[in-house]
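Survey of secondary and tertiary structure
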Amino acid sequence: MKTVLGILSEIRPEFDFTENRDFIKEGMLDSFDIIALVSSLEQEFLIRIDGTDIVPENFASLDAIEKLVRRSSKKA
Amino acid sequence: MNLLYHGRRITGVLTVVPQKVSNFDDEAVNYSFPIEKTLRLKSLMGFKEHRIVDDGTCVSDLCVYGLQYLFDQGLVLPQDIDALVLVTQSPDYFMPPTSNVIQGRLGLKEDMICLDVNQGCAAFEVGLFIAFSLLDQESIHKVAMLNAEVLSRKVSKQDRNSFPLIGDAASITLVEKDFDQSPIYANIMMDGSKREALMIPAGGFRLPCSQDTAIPHDDGTGNLRSLENLRMNGQDVFNFVMEKVPPMISSLLDQSGKRLDDVNYFLFHQPNKFMLEKLAEKLGVSYKKMPSNIVERFGNSSGVTIPTNICYNIGERVLNEEFIVCFAGFGSGLTWSSILMKIGNMKFCKMIEF
């Protein structure tokens, strides 16, 4: 299974997502990257990310994204 | 705000789309992003093809073409139209009203009312509310409610946020009195404090067009647009829709006493496929009941996506059957609105090309 870090690196290979930076404020992820990321996370972890959770703060760091994955419901 | 109407019926819908098809694959080279990244979004967002008018084509051209088609086919008589309500954000002129232009070009009678209304993605709902209210008058029996946009002419071709999804189209929805009809439940909300989420900054009296306003600028994410182009903050719009639309639909169902399962179709405005599918998931509605195929085939034509949705997805069936449908529009303003009503046994419901 891919990791969140692996998926992020596929979407934006030019950035190092292990660095302690704000992915949104630093321009490492734009709104289209977030859409691609949501789709990949849902497919990889068999989850359904709620539309109201698709806000910048939930994608600002590796920790925030991993928390989002953990609390998202499993696909029926 | 909750609204309730009695004795009103949609008797026909005609959608007019331009013949010209623009394909996303051909446009992708215009965007200053890696081609792989752009193509990855194709299926997620519904970037496929969209209908675009030629330069010089205006809203009145599409509406006159559609109305003339209805007259030629004998589907409505010119003298029977007592009101033209045009809801658009791309009028032919500031002055005169484009509805008057349409009236004049078609030689319609003087004894009628023509109204232009400025609304965007909720234009279908707002137009219906006005049509329903006009029909309170004894002298008004038939309202032609027109939704029309040629906003592709105001979108930068180098703006990946907006251009792949923009579509041009017009629709004519005939609304009449019918006191055997079920009540029509509706609601509408507005938040002008977030008006800049969707905006064309220059071209009005606040910021007239000039050499400066025509200069394209990078928005910081690689999209090029000028102040005369449509600007959309996609993230803000997405968050607004996810936050406001589900409670609006719940409230509408409560008001009507209906359950989610009682509704045959959720015919919503279609800004992009991803947003609609997330909305369907949040509402607990199957993708089949909430079609999201208009934006990838015709583009987002603002208030015209709902009539296009009706014609394309259930146009044949709605001639002989009846359905309980929920319409919802949400966007510029910001405005969000929904309607629960029965539609069916229409005299016509089809699409034609301009």
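Residues numbered from 1 in each chain as written. Chains lettered and ligands numbered in written order. Predicted model: local features only at pLDDT ≥ 70, side-chain atom pairs only at ≥ 80, totals over all residues. Heavy atoms only, no water.

1. Description of the layout of surface pockets
- Size it by volume and the second largest pocket reaches roughly 460 Å³.
- Contributing to the lining of the second largest pocket are 24 residues, with D30 and S31 of chain A together with T221, N233 and Q235 of chain B lying nearest its centre.
- Broken down by secondary-structure element, the contributors of at least two residues to the lining of the second largest pocket are α2 (31-45) of chain A together with β13 (231-232) and α6 (234-256) of chain B.
- When its residues are assigned to classes, the lining of the second largest pocket shows eight nonpolar, eight polar and eight charged. (1 Å grid on protein atoms, 1.4 Å probe; cavity = no way out; pocket = protein on both sides within 12 Å on 5 of 7 lines; lining within 4 Å. Points joined across faces, edges and corners; volume = space filled by probe spheres on them. Helix = DSSP H or I, 4+ residues; strand = E, 2+ residues; numbered from the N terminus. Nonpolar A, V, L, I, M, F, W, Y, C, P; charged D, E, K, R; others polar.)

2. Notes on the interface of chain A and chain B
- On the chain B side, the residues contacting the 21 residues of chain A number 19 residues.
- Between chain A and chain B, roughly 1,600 Å² of surface is buried when both sides are summed, and carbon and sulfur atoms account for 63% of that area.
- For the chain A face of the interface with chain B, the top three residues by lost area are F32, I35 and I54 of chain A, together amounting to 37%.
- We note a salt bridge from D50 of chain A to K282 of chain B, for which the minimum N-O separation is 2.9 Å.
- The interface formed by chain A and chain B includes six residue pairs in polar contact (both at pLDDT 80 or more).
- Elements that contribute at least two residues to the side of chain A that touches chain B include exactly α1 (4-11) and α2 of chain A.
- Looking at which element gives the most residues to the side of chain A that touches chain B, the answer is α2 of chain A, with nine residues.
- Residue classes in the side of chain A that touches chain B are distributed as 10 nonpolar, four polar and seven charged. (Contact = heavy atoms within 4.5 Å. Buried area = accessible area lost by both parts, 1.4 Å probe. Salt bridge = Lys/Arg side-chain N within 4 Å of Asp/Glu carboxyl O. Polar contact = N/O pair within 3.5 Å; in protein donor to acceptor, adjacent residues only side chain to side chain.)

3. Considerations on helix α4 (residues 98-106) of chain B
All names here are of chain B.
- For α4, the complete set of buried residues consists of T98, S99, V101, I102, Q103 and L106.
- Taken together, the buried residues of α4 touch α3 (59-72), β5 (83-87), β6 (113-117) and β7 (142-149).
- Taken from the residues just after α4, G107 is the one with a positive phi, measuring 65 degrees. (Buried < 20%, exposed > 50% of the residue type's maximum accessible area, 1.4 Å probe, protein only.)

4. Here we look at the side chain of Q270 of chain B
Residues and elements named next belong to chain B.
- If you trace the backbone, Q270 turns up in the loop between β14 (265-268) and α7 (273-283).
- You can call Q270 buried: its relative accessible area is 0%.
- Within polar-contact distance, the side chain of Q270 engages the backbone oxygen of P291 at 2.7 Å.
- Of note is the side chain of Q270, whose polar atom sits 3.1 Å from the backbone nitrogen of V295.
- With residues up to four places along the chain from it excluded, the contact list for Q270 reads L276, P291, S292, N293, I294, V295, N300, T305 and N309.

5. Quick word on the packing of aromatic side chains
- Overall, the coordinates contain 15 aromatic pairs over all chains when judged by the stated rule.
- On the basis of an interplanar angle of 75 degrees and a centroid distance of 6.3 Å, the ring pair of F268 of chain B and F330 of chain B is categorised as edge-to-face. Placement of the pair is F268 of chain B in strand β14 and F330 of chain B in strand β15 (residues 322-331), with a sequence separation of 62 residues. A single burial state applies to F268 of chain B and to F330 of chain B, both of which are buried.
- In textbook terms, an aromatic cluster arises when at least three aromatic residues are bridged by ring pairs, as seen for F15, F17 and F23 of chain A. (Phe/Tyr/Trp six-rings, centres within 6.5 Å; stacked < 30°, edge-to-face > 60°.)

6. Concerning the pattern of salt bridges
- As enumerated under the stated definition, the model contains 28 salt bridges over all chains in all.
- Among the salt bridges present, the one from R48 of chain A reaches E281 of chain B, with a minimum N-O distance of 3.1 Å. With R48 of chain A in strand β1 (residues 47-48) and E281 of chain B in helix α7, the pair connects residues from two separate chains.
- The class of E281 of chain B is partly exposed, set by a relative accessible area of 22%.
- A salt bridge links D54 of chain B to K20 of chain B, with the shortest nitrogen-to-oxygen separation between them at 3.5 Å. Of this pair, D54 of chain B sits in the loop between β4 (49-51) and α3 while K20 of chain B sits in the loop between β2 (8-17) and β3 (21-23); the two residues are 34 residues apart in sequence, bridging distant segments of the chain.

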